[in-house]
2 protein chains.
Amino acid sequence: MNIMIDGMGGDHAPEEIVKGAVQAAKEISGTVSIIGREERINECLQALNWNGDNIEVVNATEVISNNESPAMAVRKKKDSSISKGMRMLKEGEVDAFISGGSTGALLSAGLLILGRIRGIKRPAIAAFFPKIGMNDTSLILDCGANAESRPEYLLQYGIMGSIFVEKVKGIENPEVMLLNVGAEEEKGDPLHKESFELLRNADINFKGNCEGRDVPFGCCDVVVTDGFSGNVFLKSSEGVALAVMKRIKQKMTEGLAAKAGALLSYNKLKEIKKEFDYSEEGGAPILGLKGPVLKIHGSSKANAVYNAILKAVPYVEQDVTALIENAITEKSSGEE
Amino acid sequence: MNIMIDGMGGDHAPEEIVKGAVQAAKEISGTVSIIGREERINECLQALNWNGDNIEVVNATEVISNNESPAMAVRKKKDSSISKGMRMLKEGEVDAFISGGSTGALLSAGLLILGRIRGIKRPAIAAFFPKIGMNDTSLILDCGANAESRPEYLLQYGIMGSIFVEKVKGIENPEVMLLNVGAEEEKGDPLHKESFELLRNADINFKGNCEGRDVPFGCCDVVVTDGFSGNVFLKSSEGVALAVMKRIKQKMTEGLAAKAGALLSYNKLKEIKKEFDYSEEGGAPILGLKGPVLKIHGSSKANAVYNAILKAVPYVEQDVTALIENAITEKSSGEE
């Protein structure tokens, strides 16, 4: 098995990417490929005194930035880490591709170079969201690959999420819910009402509607959402968690008693911060593409990189892509 | 001035409602009317030894519960606190109506009994969301009055929110942003792209798109959102804040050092919890109705009731309803 990671993507690339890759390479039996500016990546490997033999460096001379038009950049910069990495995945030279670079570019490269699974209408970005205090996560999709949605997309998100969670996390018959504005089944706009009906009749363990406030408390294993509200959900949760932690830090330095209190509870507060940091969770799979592609947060450090590489292993081994294709072909036989 | 509050609405009614009304009555020059089962409300007043003269009790024998079909309940239960209260507002017997009862019923009564301001396409539920650490709030609307939206609704939300914040909070030329999936102006689905254009050309201080993570950090004064994602935003923020605080409580009782730390920082943590509790902020105005209507959280206690009554005063005094009507008539002259 060969897992490829984009050495140039993210705020801490390539140093932290290489560090995470080295950490992972020590633990997995396959190869970790790092794609990007060869010289820089080799420097990082040397700095870490890497002398194992299961890391390969693949040269890619260009880098796509967050400020470029994604589709255009992917087409023009053929020797960028994202374009070339995706091409290698398509050609079977690597088995999975992970990047902390521009989400738009990764998605565009996925669509333009790798392509969608037959029958899949739209790929979806699926994020792991912490079930607070349960040492577990929910998979929430779509988190923004598609700002505009249709009921059939949401049905497919439910099916893909269910397969992924079952195979990669090993949860049998995972519970799926639809993010809506209320728990009752008649809630929502036409998009969500129709999606509810489709999900209810699908061959998944659908448990009905949930609300934004239920998700952090771990209401289910797979949360289906349209890309617009999924994105709002994820970003607002991130904002509130950050704001609370920042506020605690500020407040805890007001007054001597609180300062002493903060010192005593420092480790616990740090643990809580980590629990809410979904960027550590090993990346967001982009489901529906013809191969395992994972997006990691732009702010990812070595540990997040390490987690993502480890998560890619069962994604490849279990052949989730083929399972999704089978499931979708069965559902939509004769439909498309 | 006569501010009416629903004595029967909410989890802690009528006790906490009456308590909050008494607190407010001591401070405002007008009258506070409490509508509901007369006997129960009078008992509560007696228990508090109320002997002032600016509280009036209005008898309403019926109560609409959260489990009833809102529109049906409003039509059938003519002597419910919500139906009768809304009728009294319409007839000018009171100047504002506040309720912690069923949001659906309050909205239905607003639409069916009070009616919309001329030119307003849809009323919106507007919530105050804390700007964390800034001792201030943003007004976010629509938070779920309308699951389905059109660009013209969002334009009107921007105008109504802007007027409300300027007049009731006294912020001159308040900054308005559109909740979207990215900051760039081309972001979003057609609904948000078209809304962006309408808001940009409106006579308000429009500052472009914002994302969910920007709102808790106080990016602007008025956040315009479609009712679906606004509801997702509000509920997920509530869920995450609750989950963080719950987790802190759990973690802080693990181990002696943390326990001691928690004791020392107890007051600070309590202050933080309060900062994130938007239900304390004085209720959510339902903007676009032909009179001041405020929804308070079902879990409201006396303090939230008190805040809502105080917030209703400038809402009435500044005649926000008339200002909205003027603004909308100007914008849409000849359009409707």
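Chain A appears in an unreviewed UniProt entry as Phosphate acyltransferase from Mogibacterium kristiansenii. The UniProt entry for chain A carries this comment under Function (unreviewed entry): "Catalyzes the reversible formation of acyl-phosphate (acyl-PO(4)) from acyl-[acyl-carrier-protein] (acyl-ACP). This enzyme utilizes acyl-ACP as fatty acyl donor, but not acyl-CoA." Under the Subcellular location (unreviewed entry) heading, UniProt states for chain A: "Cytoplasm".

## Focus on the pairing of strand β10 (residues 284-287) of chain A
Residue and element names in this part refer to chain A. On β10, burial covers both faces: Ala-284 and Ile-286 on one face and Pro-285 and Leu-287 on the other are all buried. Relative to β10, strand β5 (residues 124-131) is paired through two bridges, and the arrangement is antiparallel. Among the inter-strand pairings, Ala-124 is bridged to a residue of β10, identified as Leu-287. Of the pairings in the sheet, the one linking β10 to strand β11 (residues 293-295) comprises two bridges and is antiparallel in character. Directly across from Ala-284, in β11, lies its bridge partner Lys-295.

## Describing the relation of the copies chain A and chain B
Here chain A sits on chain B after a turn of 180° about the axis and a move of 0.0 Å along it, with an RMSD of 0.0 Å. What the rotation and shift describe, once combined, is the action of a two-fold rotation axis. Taking C-alpha positions as reference, the residue of chain A nearest the rotation axis is Gly261(A), located at 1.8 Å. Same-surface contact between copies: 100% of interface residues of chain A are shared with the interface of chain B.

## Overview of the packing of helix α8 (residues 227-251) of chain A against helix α9 (residues 256-275) of chain A
Residues and elements named next belong to chain A. At their nearest, the axes of α8 and α9 sit 10 Å apart, and the two run at 160° to each other. On the basis of the axis angle, α8 is roughly antiparallel to α9. Helix-helix and strand crossings are classified by hand; for α8 and α9 the assignment is left-handed. Residues Met-245, Ile-248 and Lys-251 of α8 touch α9, and the partners they reach there are Ala-258, Leu-269, Ile-272 and Lys-273. The residue inventory of the contact of α8 with α9, partitioned by class, reads five nonpolar, no polar and two charged.

## A closer look at the nonpolar core
Among the nonpolar cores identified, the biggest contains 104 residues, and Met86(A) and Met86(B) are the most heavily contacted of them. Among all residues touching Met86(A), those that are not within four sequence positions of it are Phe97(A), Leu106(A), Ala109(A), Gly110(A), Ile113(A), Leu114(A) and Val293(A). Counting 61 residues, the second-largest nonpolar core is a separate cluster that includes Ile28(A), Val32(A), Val222(A) and Tyr315(A).

## Digging into the interface of chain A and chain B
Taken together, the contacts link 53 residues of chain A with 53 residues of chain B. Across the interface of chain A and chain B, roughly 4500 Å² is buried in total on both sides, 76% from carbon and sulfur atoms. At the surface where chain A touches chain B, the tally comes to four salt bridges. Lys235(B) is the salt-bridge partner of Glu211(A), the closest N and O atoms lying 2.3 Å from each other. Broken down by secondary-structure element, the contributors of at least two residues to the side of chain A that touches chain B are α7 (190-200), α8 and α9 of chain A. Among the elements that make up the side of chain A that touches chain B, the one with the highest residue count is α8(A) (20 residues). Looking at the side of chain A that touches chain B, its residues break down into 26 nonpolar, 13 polar and 14 charged.

About the cut-offs
- Residues numbered from 1 in each chain as written.
- Chains lettered and ligands numbered in written order.
- Predicted model: local features only at pLDDT ≥ 70, side-chain atom pairs only at ≥ 80, totals over all residues.
- Heavy atoms only, no water.
- UniProt positions renumbered as here; feature names shortened; annotations may be inferred.
- Buried < 20%, exposed > 50% of the residue type's maximum accessible area, 1.4 Å probe, protein only.
- Helix = DSSP H or I, 4+ residues; strand = E, 2+ residues; numbered from the N terminus.
- Pairing = 2+ DSSP bridges.
- Least-squares fit on C-alpha atoms with pLDDT ≥ 70 in both.
- Contact = heavy atoms within 4.5 Å.
- Axes fitted to C-alpha atoms, helices over the stretch in contact; angles between N-to-C directions.
- Parallel < 35°, antiparallel > 145°, perpendicular 65-115°, else oblique.
- Left-handed = near helix turned anticlockwise from the far one by under 90°.
- Nonpolar A, V, L, I, M, F, W, Y, C, P; charged D, E, K, R; others polar.
- Core = buried A, V, L, I, M, F, W, Y, C linked by side-chain atoms within 4.5 Å.
- Buried area = accessible area lost by both parts, 1.4 Å probe.
- Salt bridge = Lys/Arg side-chain N within 4 Å of Asp/Glu carboxyl O.

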